Amino acid sequence: MKQTKVFRKFLFQTSYFLVGKACVLKYYKEFMETQWWPYERLVELQSEQLQRLIRFAYEYVPYYRQLFVSLGLKPSDINSPQDLQKLPILTKRIIRQHQAEMTPKNLGKLKYIQNSTGGSTGETLQYLMSIEDHARGIALLYRGWSYGGYRLGDRVAQIAGSSLIPTAQSSLRKWAISLLRNIRAYSSYGMSDETLIQYVRSLNNFRPEFLRGYASSIYTLASFIRDRDVPVKFRPRAVFTTSEKLLEGQRKVIEEVFSTRVFDNYGLNDGGVSAYECEEHCGMHIDMERAILEVVDEDGKQVIGKPGKILATSLYNYAFPFIRYDTGDIGVVTYSKCACGRELPLLKELLGRTTDTLVVNGKRIGSPVLTVLFGKCDIEQYQIIQESDNRLVCRIVKGQAYTQKDEEFIRRSLVSHLGPVDIVFDYVPLITPERGNKHKFIIDRRGMSAEAD
């Protein structure tokens, strides 16, 4: 067994060397040590990198140069995470209004990838991410999994939305990399009963040591197994939930069905923040080695132990600096000591990210999956309204680069995964939350006309 583990780890590491991303392994080794550092030392690390980022933004990013001048600030005025309170909050709307000014003047000298997000508010954003920032995020992901016992090369089954979006990477290449990393992917898009039966059969053959995916997708799978009394021939050592607020009722069902513990996770790439639940299950440890996570009140002042907006400052994304970026999420942070021995602060509670579910032709879709789809198009806002069992209205606020091809792409993707469905596109200048409530990007109106009659 020990030899098998060593061989798995070797194959896993080889996969990163083959694709030229060995830095992920370097960061992983580094982060496995820094997780035990004293809190003060981690703050020092953050402060040093924050100062570098601020100097870079002031020198190379026109938007931040203009911002500092207008506020009467100099880069030397921002020396610590607390000093960030001197700066205003950055929103997606501001980014879209100043997209050109936010591009570094020396972008041609930087290594980066293109990325996009729909976020928890349904407002899409396309941005650049430096290679170093991206690699750090992957390394922290693996460290987060280690809280549940994961080691590089262990078998992992993921139920997420990656297979929804076409990729330039060849199927053979994807298959080879997944094989080397011992990770098998299952789409959470359109999880019908027939699909779930196929998933369970495949999982029984694969026998994953760990299960990971959207909270609603894992819950859907667990509920299906429980309600249909489907035989399960594997027992994961842990289940990792992500991308959505995990309800306690969902946690209970998942843990009962798979006879294991659930480890919840919070994170987003556009701001670089992430947090992972440890074996004590008393909150999610906030990763300090990649970004600064703030929780602030309505005035932008940092608060502890009280609900507030989650802001993100990505310390290594020089290709597109996010400084005090409004994630659209609400949470509670605490600095109380955790019995695990890690001094990383805790995201004690995550609020406002609960996901509605769309059911079409007996297939279920969580809003994070739709976020992946709409995030690939230049869309400023979107909202899906389900008027009947097979009729959807896609309400969209178009960006400047949005074209008819984007509409065709959305329609083709939905129909290919859901089967026959009537899709109406409604282009509007703005989507206003109904009755002053928080924006919802899935609204179920089935049966409303019948009730009115």
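This is a predicted model, so every value here is computed, not measured.

What counts, and where the lines are drawn
- Each chain carries its own residue numbering, running from 1 in the written order of its sequence.
- Reporting in this predicted model follows two pLDDT cut-offs: at least 70 for local features of residues, and 80 or more for side-chain atom pairs to be given and counted; totals over whole chains, interfaces and linings ignore these cut-offs and use all residues.
- Derived side-chain values reflect all non-hydrogen atoms in the structure, with water molecules and hydrogen atoms excluded from consideration.
- In this text, helices come from DSSP runs of H or I with a minimum length of four residues, and strands from runs of E with a minimum of two, each type numbered from the N-terminal end.
- Only protein chains enter the area calculation, which uses a 1.4 Å probe; residues under 20% of their type maximum are buried, those over 50% are exposed, and those in between are partly exposed.
- A contact between two residues is defined here by any heavy atoms of the two lying within 4.5 Å.
- One bridge is not enough; two strands pair if DSSP finds at least two bridges between them.
- To obtain each axis, a line is fitted to C-alpha atoms, and for helices this fit is confined to the stretch in contact; angles are then taken between N-to-C directions over 0 to 180 degrees.
- Two rings belonging to Phe, Tyr or Trp (six-membered ring only in the last case) form a pair when the distance between their centres is within 6.5 Å. Interplanar angles under 30 degrees mark stacking, angles over 60 mark edge-to-face geometry, and anything in between is tilted.
- Here a cavity is any set of points on a 1 Å grid over the protein atoms alone where a 1.4 Å probe fits but cannot get out, and a pocket is any open set with protein on both sides within 12 Å along at least 5 of 7 lines; a residue lines the site when it has an atom within 4 Å of a point.
- Grid points are joined across faces, edges and corners, and a volume is the space filled by probe spheres set on the points.
- Residues are grouped as follows: nonpolar covers Ala, Val, Leu, Ile, Met, Phe, Trp, Tyr, Cys and Pro; charged covers Asp, Glu, Lys and Arg; every other residue, Gly included, is treated as polar.
- Take a side-chain nitrogen of Lys or Arg and a carboxyl oxygen of Asp or Glu: if they are within 4 Å of each other, that pair is a salt bridge.

(A) Molecular detail of the overall build of the protein chain. Helix and strand counts for the protein chain stand at 13 helices and 19 strands. Looking at the protein chain as a whole, 54% of its 453 residues are labelled buried. For the protein chain, long-range pairs separated by at least 24 residues make up 68% of all intrachain contacts whose partners lie at least 6 apart in sequence.

(B) Representation of the sheet that holds strand E16 (residues 379–388) within the structure. The strand order E18-E17-E16-E19 describes an open sheet built from 4 strands, whose pairing is mixed. Of all strands in the sheet, those with a lone pairing partner are strand E18 (422–427) and strand E19 (442–444), marking the two edges. Each strand of the sheet is rotated relative to its neighbour by a mean of 20 degrees, with strand direction disregarded. Alignment of strand E17 (residues 391–398) against E18, held across 6 bridges, turns out to be parallel. Its bridge partner lying in E18, Cys-394 is registered against Phe-425. Contacts from helix H12 (residues 404–418) reach E16, E17 and E18, with the element oriented near 150 degrees to E18.

(C) Spotlight on the packing of aromatic side chains. Counting across every chain of the model gives 24 aromatic pairs. Centre to centre, the rings of Phe-12 and Tyr-142 are 5.1 Å apart; their planes meet at 75 degrees, and the pair counts as edge-to-face. Of this pair, Phe-12 sits in helix H1 (residues 2–18) while Tyr-142 sits in helix H6 (residues 131–146), and the two are 130 residues apart along the sequence. Residue Tyr-142 is classed as buried on the basis of its relative accessible area of 5%. Look at Tyr-127 and Phe-322: their rings are 5.5 Å apart centre to centre, the planes differ by 85 degrees, and that puts the pair in the edge-to-face class. Pair noted here: Tyr-127 is in strand E2 (residues 125–130) and Phe-322 is in the loop between strand E11 (308–314) and strand E12 (325–334), with a separation of 195 residues, a long-range link. For the pair Tyr-127 and Phe-322, a shared accessibility class is recorded, and that class is buried. Of the aromatic side chains, those joined through ring pairs into one cluster are Phe-12, Tyr-16, Tyr-142, Trp-145, Tyr-150, Phe-210, Phe-240 and Phe-263.

(D) Highlighting empty space enclosed by the protein. Enumeration according to the criterion identifies 1 cavity of 30 Å³ or more in this entry. In this model, the largest cavity occupies a volume close to 50 Å³. Lining of the largest cavity is provided by Tyr-63, Tyr-64, Leu-67, Leu-87, Pro-88, Ile-89, Leu-90, Ile-323 and Arg-324. Here the lining of the largest cavity is composed, by residue class, of 8 nonpolar, no polar and 1 charged.

(E) How the structure looks around the pattern of salt bridges. Scanning the entire structure with this criterion turns up 23 salt bridges. The partner of Arg-411 in a salt bridge is Glu-407, with the nearest N and O atoms 3.6 Å apart. You can see Arg-411 and its partner Glu-407 sitting in helix H12, 4 residues apart, about one turn around the helix. Residue Glu-407 is classed as buried on the basis of its relative accessible area, which comes to 12%. Shared partners join several salt bridges into a network, and the residues in it are Lys-5, Arg-8, Asp-154, Glu-209 and Arg-237.

(F) Expanded view of the sheet that holds E12. Strand order in this open sheet of 11 strands is E4-E3-E5-E6-E7-E8-E9-E13-E12-E11-E10, and the pairing throughout is mixed. With one partner strand each, in any of the chains shown, strand E4 (183–187) and strand E10 (291–296) form the two edges of the open sheet. In this sheet, neighbouring strand axes are inclined to one another by 35 degrees on average, regardless of whether the strands run parallel or antiparallel. Looking at chain direction, strand E5 (residues 210–214) and strand E6 (residues 238–242) are connected through 5 bridges and run parallel. Counterpart to Phe-210 in the pairing with E6 is Ala-238. Those strands touched by helix H8 (residues 193–206) are strand E3 (156–160), E4 and E5, and its axis lies near 175 degrees from that of E4. The strands touched by helix H9 (residues 215–228) are E3, E5 and E6; relative to E5, the strand with the most contacts, the crossing angle is about 120 degrees.

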